[in-house]
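Chain residues, written in single-letter form:
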Amino acid sequence: MSRRVLITGGAGFIGSHTCLVLLEQGHELVVLDNFDNSSPEALRRVQELAGSTQLTLVEGDVRDASAVDKAFGSGGAVDGVIHFAGLKAVGESVGNPLLYWDVNVNGSRVLAAAMERHGCRTLVFSSTSTAYGEPETFPLREDMPTAPVHPYAQTKVAVEQMLAALCRSGPWRVASLRYFNPVGAHPSGQIGEDPMGIPNNLFPFITQVAAGRREQLRIFGQDYPTPDGTGIRDYLHVMDLAEAHGKALEHLLQQPTPYSLTLNIGTGRGLSVLEVVQGFEAATGLTIPYEVVERRPGDVPRLEACPQTAQIVLGWSARRTLEEMCRDGWAWQQANPSGYRGPT
Ligand code: NAD
Ligand code: UFG
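Residues numbered from 1 in each chain as written. Chains lettered and ligands numbered in written order. Predicted model: local features only at pLDDT ≥ 70, side-chain atom pairs only at ≥ 80, totals over all residues. Heavy atoms only, no water.

Participant: Hey, could you run me through the overall build of the protein chain in this one?
Facilitator: Of the regular secondary structure elements, the protein chain holds eleven helices and 13 strands. Here the C-alpha atoms of the protein chain give a radius of gyration of 19 Å, agreeing with the 20 Å that 2.2 N^0.38 yields for 344 residues. A burial count over the protein chain gives 56% of its 344 residues as buried. (Helix = DSSP H or I, 4+ residues; strand = E, 2+ residues; numbered from the N terminus. Rg over C-alpha atoms; globule rule 2.2 N^0.38 Å. Buried < 20%, exposed > 50% of the residue type's maximum accessible area, 1.4 Å probe, protein only.)

Okay, structure coming up:
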């Protein structure tokens with residue numbers, strides 16, 4: 001059944017891949033994005049890949065009630081909202097916590113208030129595995145306590161709590177998806193992750209080293225209590241994550257109200273930094289030079305999902321391999337050396 005879906009932050013890394021999946025499924029989309037960390041070119045390519053123009057763009061800030069109202073008013077009734085718009089850099093959140101509380105928490109509050117005004121109370125929210133803080137028992141299940149250690153994660157947990165409270169107050173249906181580490185790109189190489197400046201994250205850094213844009217990878221610490229001493233994360237292909245959103249939204253729309261759900265979205269298989277480097281080298285035939293440096297402040301030794309609830313409730317599990325994550329991420333980097341901005 002075709003739905004009309006409002007997607008905030010739809011031009012971003014995860015949002016653009018989700019837009020593609022939803023357009024290919026025949027849904028009609030309204031994207032609200034201020035292009036703070038993305039480019040309209042992503043949405044042009046998404047429509048080209050999907051062979052669909054069922055996407056209306058509203059350029060604006062999710063904290064601006066009139067922009068959100070405009071998005072709701074841009075066509076027929078909205079069946080559900082997927083809320084990606086937000087900030088995600090852990091270090092930046094430590095330096096500027098008020099910005100994170102404003103964009104992530106106030107932005108979600110303004111959006112939820114608009115949803116009430118427009119009678120749409122079905123929402124999929126982008127949460128994070130960093131909600132678990134520095135856990136010691138693995139794999140991580142959704143009923144384990146949250147213990148966020150930096151403002152970024154604190155704002156995501158705050159929004160989860162605000163949404164849970166809304167579900168207790170009225171006929172809301174909410175899914176908070178705690179993403180582990182999404183990487184890779186659409187296999188076409190046409191859309192992908194486009195970090196501004198020096199990448200914070202491991203995968204885009206590796207692909208830029210592979211492309212010769214950076215001299216070598218710096219591995220942040222080899223003295224963690226892990227088998228090879230480097231940090232362990234649960235990396236999943238961004239297309240698997242995008243598909244999880246389609247399933248989560250459809251699941252919500254079939255539930256009676258109120259309904260609230262928190263799901264880990266990961267593979268359940270943690271990989272160390274060294275294993276990722278080796279996997280990338282095996283997938284591409286390239287060599288990634290690296291040096292081991294000090295730990296990065298705020299990093300935890302290990303995060304690894306128990307993805308069983310998503311399998312049971314949504315029938316979703318990550319299907320794509322590390323090789324596909326590396327191959328597709330590398331294809332995107334090669335085809336778009338300067339991301340969406342520069343010449344391709
Ligand atoms: P991204 O930065 O690529 O996408 C975010 C999008 O939101 C961008 O298009 C940006 O322009 C837009 N945006 C930012 N502030 C806005 C505002 N005030 N109003 C309107 N639009 C705004 O990030 P992403 O990796 O696609 O992440 C999407 C969501 O998932 C974020 O909320 C992020 O916190 C969350 N998340 C990401 C990861 C990850 O590793 N990428 C992990 C866990 C959770
Ligand atoms: N790492 C390096 N060198 C780098 C970059 C990263 O060694 O240049 C290491 C980190 O120390 C960590 C692992 O690679 O052990 C992964 O780091 P990322 O920065 O790629 O990912 P994080 O787990 O730190 O954080 C990411 C997003 C957050 C999100 C979180 C969980 O940046 O927004 O995943 O979803 F919340």
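Structure shown, so let's carry the discussion forward.
Participant: Sorry, what's going on with the site of ligand 1 here?
Facilitator: Lining the immediate environment of ligand 1, one finds 29 residues, of which Asp33, Asn37, Ser38, Lys88 and Lys156 sit closest. Between phenylalanine 13 and ligand 1, the recorded distance is 2.8 Å, taken from a backbone N or O atom to an oxygen atom. Here a nitrogen atom of ligand 1 and a backbone polar atom of valine 62 are 2.9 Å apart. Relative to its unbound accessible area of 820 Å², ligand 1 is 94% covered by the protein chains. (Near = heavy atom within 4 Å. Polar contact = N/O pair within 3.5 Å; in protein donor to acceptor, adjacent residues only side chain to side chain. Areas by Shrake-Rupley, 256 points an atom, 1.4 Å probe, with all protein chains shown as cover.)

Participant: For this particular structure, what's the right way to read the site of ligand 2?
Facilitator: Surveying the vicinity of ligand 2 reveals 21 residues, the closest of which are Phe180, Arg218, Arg233, Arg296 and Asp299. Residue asparagine 181 places a side-chain N or O atom 3.0 Å away from an oxygen atom belonging to ligand 2. Relative to its free-state accessible area of 690 Å², ligand 2 is covered by the protein chains to the extent of 91%. For the shell around ligand 2, the leading source of residues is strand β8 (residues 217–220), giving four residues. In terms of residue class, the shell around ligand 2 is made up of nine nonpolar, seven polar and five charged. (Nonpolar A, V, L, I, M, F, W, Y, C, P; charged D, E, K, R; others polar.)

Participant: Honestly, the side chain of histidine 83 in this entry has me stumped. Any pointers?
Facilitator: Its place among the elements puts histidine 83 in strand β4 (residues 80–83). Its relative accessible area of 2% is what places histidine 83 among the buried residues. Setting aside chain neighbours within four positions, we find histidine 83 in contact with Thr8, Val62, Ser108, Leu111, Leu123, Val124, Phe125 and Ser126. (Contact = heavy atoms within 4.5 Å.)

Participant: Teacher, can you tell me more about helix α3 (residues 65–72) here?
Facilitator: Because an α-helix packs 3.6 residues into every turn, residues spaced three or four apart end up facing the same way. Those residues of α3 lying buried are Ala67, Val68, Ala71 and Phe72. Viewed end-on, α3 has its buried residues packed into an arc of 145°, placing them on one side of the element. Buried residues belonging to α3 abut β1 (4–8), β2 (28–33), β3 (55–59), β4 and α5 (97–117). (Arc of directions from axis to C-beta.)

Participant: Just checking my understanding: could you explain the packing of aromatic side chains for this structure?
Facilitator: For the structure shown, the criterion picks out four aromatic pairs. Measuring from ring centre to ring centre gives 6.5 Å for tyrosine 100 and tyrosine 152, while their planes differ by 85°; the resulting arrangement is edge-to-face. You can see tyrosine 100 sitting in helix α5 and its partner tyrosine 152 sitting in helix α6 (residues 151–169), a full 52 residues away along the chain. As far as the burial class goes, tyrosine 100 and tyrosine 152 line up, both buried. Relative to tryptophan 330, the ring of phenylalanine 280 has its centre 6.1 Å away and its plane inclined at 75°; by these criteria the two rings are edge-to-face. With phenylalanine 280 in helix α9 (residues 273–284) and tryptophan 330 in helix α11 (residues 322–335), this pair connects stretches of sequence that are 50 residues apart. Residue classification places phenylalanine 280 among the buried residues on the basis of a relative accessible area of 1%. (Phe/Tyr/Trp six-rings, centres within 6.5 Å; stacked < 30°, edge-to-face > 60°.)

Participant: What is the right way to read the side chain of histidine 237 from this model?
Facilitator: Along the polypeptide, histidine 237 turns up in strand β10 (residues 235–237). Here methionine 239 takes part through its backbone nitrogen, which lies 3.0 Å from a polar atom of the side chain of histidine 237. Residues contacting histidine 237, with those up to four places away along its chain left out, are Val183, Ala185, Arg320, Glu324, Met325 and Asp328.

Participant: How should I be thinking about the environment of aspartate 33 in this particular structure?
Facilitator: As for its placement among the helices and strands, aspartate 33 is situated in strand β2. With 245 residues separating them along the chain, aspartate 33 and glutamine 278 place their C-alpha atoms 36 Å apart. Not counting residues within four places of it along the chain, the set of residues in contact with aspartate 33 comprises Gly9, Gly10, Ala11, Gly12, Ser38, Val58, Glu59 and Gly60. In terms of polar contacts, aspartate 33 uses its side chain to reach the backbone amide nitrogen of alanine 11, at 3.1 Å.

Participant: Is there a simple way to think about the sheet that holds strand β6 (residues 173–179) in this case?
Facilitator: Backbone-to-backbone hydrogen bonds pair the strands of a sheet. The strands run either parallel or antiparallel. Taken in spatial order, the seven strands line up as β3-β2-β1-β4-β5-β6-β11 in an open sheet, and their pairing is parallel. Pairing within the sheet leaves two strands with one partner each, and these edge strands are β3 and β11 (259–265). Neighbouring strand axes in the sheet, compared pairwise and without regard to direction, differ in orientation by 15° on average. Pairing of strand β5 (residues 122–128) with β6 involves seven bridges; the strand directions are parallel. Residue pairing across strands places phenylalanine 125 opposite serine 176, the latter belonging to β6. Packed onto the sheet, α6 meets β5, β6 and β11 and runs at close to 155° relative to β5. (Pairing = 2+ DSSP bridges. Axes fitted to C-alpha atoms, helices over the stretch in contact; angles between N-to-C directions.)

Participant: How should the packing of helix α1 (residues 13–24) against helix α8 (residues 238–253) be read in this particular structure?
Facilitator: Packing of α1 against α8 leaves a shortest axis separation of 8 Å and a crossing angle of 60°. Looking at the two axes, α1 sits oblique to α8. Relative to α8, α1 is oriented so that their crossing is right-handed. Within the contact between the two elements, α1 uses Phe13, Ile14, His17, Thr18, Val21 and Leu22 and α8 uses Val238, Met239, Leu241, Ala242, Glu243, His245 and Gly246. The class makeup of the residues in the contact of α1 with α8 is eight nonpolar, four polar and one charged. (Parallel < 35°, antiparallel > 145°, perpendicular 65-115°, else oblique. Left-handed = near helix turned anticlockwise from the far one by under 90°.)

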